Every structure is written in structure tokens, then in C-alpha cells.
Amino acid sequence: QVQLVESGGGLVQAGGSLRLSCAASGRTFSRLHMAWFRQGPGKEREFVSRITSTGLNEYYGDSVKGRFTISRDNAKSTVYLEMNNLKPDDTAVYYCAAAERPGIYNVKDYDYWGQGTQVTVSS
């Protein structure tokens, strides 16, 4: 079993930056593909980014490509999301997710979820 805990959310002005962290328990982190999703008020959960277990491949949703960067540190069992040039539309609860299989974009591809961390971008 895997437990995921997000941190780093908060309030930031438009154009600012924020870094989210997701810490995983157990010894299986290096075998997991990791991702970030987000869900704004009245919206469906949206794919943001994914990094493979090896850290060699990264994927981004169109709305964040060029602004967000995903990375991982297997020694710390932690995945990060660096968010730059934030916009009000980025306001959402951000969720960390882990997958044992290669699926990328769908919520149903992921086996484990964190509780989420709120990111609010003011205009």
C-alpha cells in the first residue's frame, strides 16, 4: 500500500511561482509513475503532469505546458511540481497520484491518491 501526502499549496499572486511536494510512504516509490491532477470549483478533475518511474519521461497538459515542471527524487520518495507564471485559472485543489501501470491521462489510470492541497491564484 502507498500513502501520498501533498504540501506546498497556498495563496499566490498572478505571475508568481509555487512549488508543490508529494511525499510517499513505503519502499515502492521508485517503481511508481507519478502524476499531478487538479480540480477547480465546479470542474472535473484535470490532468496536469506525469513523470515516469525512471524520471526519464515527462508529460504535461496543454494548459500548463511551458509553465509547470515535474520532477522526482527517489531517494526522498518525493515528487515535485514547480509552477511558474501562475494564472487565476490555475486555482484548484492539486492532487498527487501514483500508478503501477503506464496509463497517463485518465483518473482511472491511477491506483493511489493524496488528499490534495489548495492553490489559489489572485488576480
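Details of the structure are given in the entry above.
Computed from a predicted structure; not experimentally measured.

The rules we used
- Residues numbered from 1 in each chain as written.
- Predicted model: local features only at pLDDT ≥ 70, side-chain atom pairs only at ≥ 80, totals over all residues.
- Heavy atoms only, no water.
- Helix = DSSP H or I, 4+ residues; strand = E, 2+ residues; numbered from the N terminus.
- Rg over C-alpha atoms; globule rule 2.2 N^0.38 Å.
- Buried < 20%, exposed > 50% of the residue type's maximum accessible area, 1.4 Å probe, protein only.
- Contact = heavy atoms within 4.5 Å.
- Lys, Arg positive; Asp, Glu negative; His and termini not counted.
- Charge placed at Lys NZ, Arg CZ, Asp CG, Glu CD.
- Phe/Tyr/Trp six-rings, centres within 6.5 Å; stacked < 30°, edge-to-face > 60°.
- Lys NZ or Arg CZ within 6 Å of the ring centre and 35° of its normal.
- Core = buried A, V, L, I, M, F, W, Y, C linked by side-chain atoms within 4.5 Å.
- Disulfide = S-S within 2.5 Å.

Undergrad: Could you give me a rundown of the overall build of the protein, with the residues and numbers involved?
TA: Along its length, the protein carries zero helices and 11 strands. For the protein, the C-alpha radius of gyration of 13 Å lies close to 14 Å, the compact-globule estimate for 123 residues. Along the first, second and third principal axes, the C-alpha set of the protein runs to 40 × 25 × 25 Å. Expressed as a percentage of its 123 residues, the buried residues of the protein come to 45%. In the protein, once contacts between residues fewer than 6 apart in sequence are set aside, the share between residues at least 24 apart is 56%. Taken together, the 14 basic and 12 acidic charged side chains of the protein have centroids lying 3 Å from each other.

Undergrad: For the packing of aromatic side chains, give the residues involved together with the corresponding values.
TA: Enumeration according to the criterion identifies five aromatic pairs in this entry. Aromatic side chains Tyr110 and Trp113 sit 6.1 Å apart centroid to centroid with 65 degrees between the ring planes, which places their arrangement in the edge-to-face category. Here a set of aromatic residues connected by ring pairs shows up, and it is made of Phe37, Phe47, Tyr105, Tyr110 and Trp113. Just above the ring of Tyr95 sits the side chain of Arg45; from NZ or CZ to the centre is 3.8 Å. One cation-aromatic arrangement involves Arg45 over Trp113; the distance from NZ or CZ to the ring centre is 5.0 Å.

Undergrad: Go over the nonpolar core with me, naming the residues and quoting the values.
TA: Counting 28 residues, the largest nonpolar core has Leu4, Met34, Trp36, Val79, Leu81, Met83 and Tyr94 as the members making the most contacts within it. At the level of elements, strand S3 (18–24), strand S4 (33–39), strand S5 (46–51), strand S7 (68–73), strand S8 (78–83), strand S9 (92–99) and strand S11 (117–122) are the ones that each hand at least two residues to this core. Discounting residues that sit within four places of it in the chain, Val79 has contacts with Leu20, Ser21, Cys22, Phe29, Met34, Trp36, Ile51, Ile70, Ser71, Arg72 and Cys96. Formed by seven residues, the second largest nonpolar core is a distinct cluster that contains Phe47, Ala97, Ala99 and Ile104.

Undergrad: Please provide a residue-by-residue account of the state of the cysteines, values included.
TA: Under the criterion given, the structure shown has one disulfide. Across the disulfide from Cys22 sits Cys96; the S-S distance is 2.0 Å. The chirality of the disulfide connecting Cys22 with Cys96 is left-handed, given an S-S dihedral of about -80 degrees. With a gap of 74 residues between them, Cys22 in strand S3 and Cys96 in strand S9 connect regions that are remote in the sequence. Here Cys22 matches Cys96 in class, with each residue buried.

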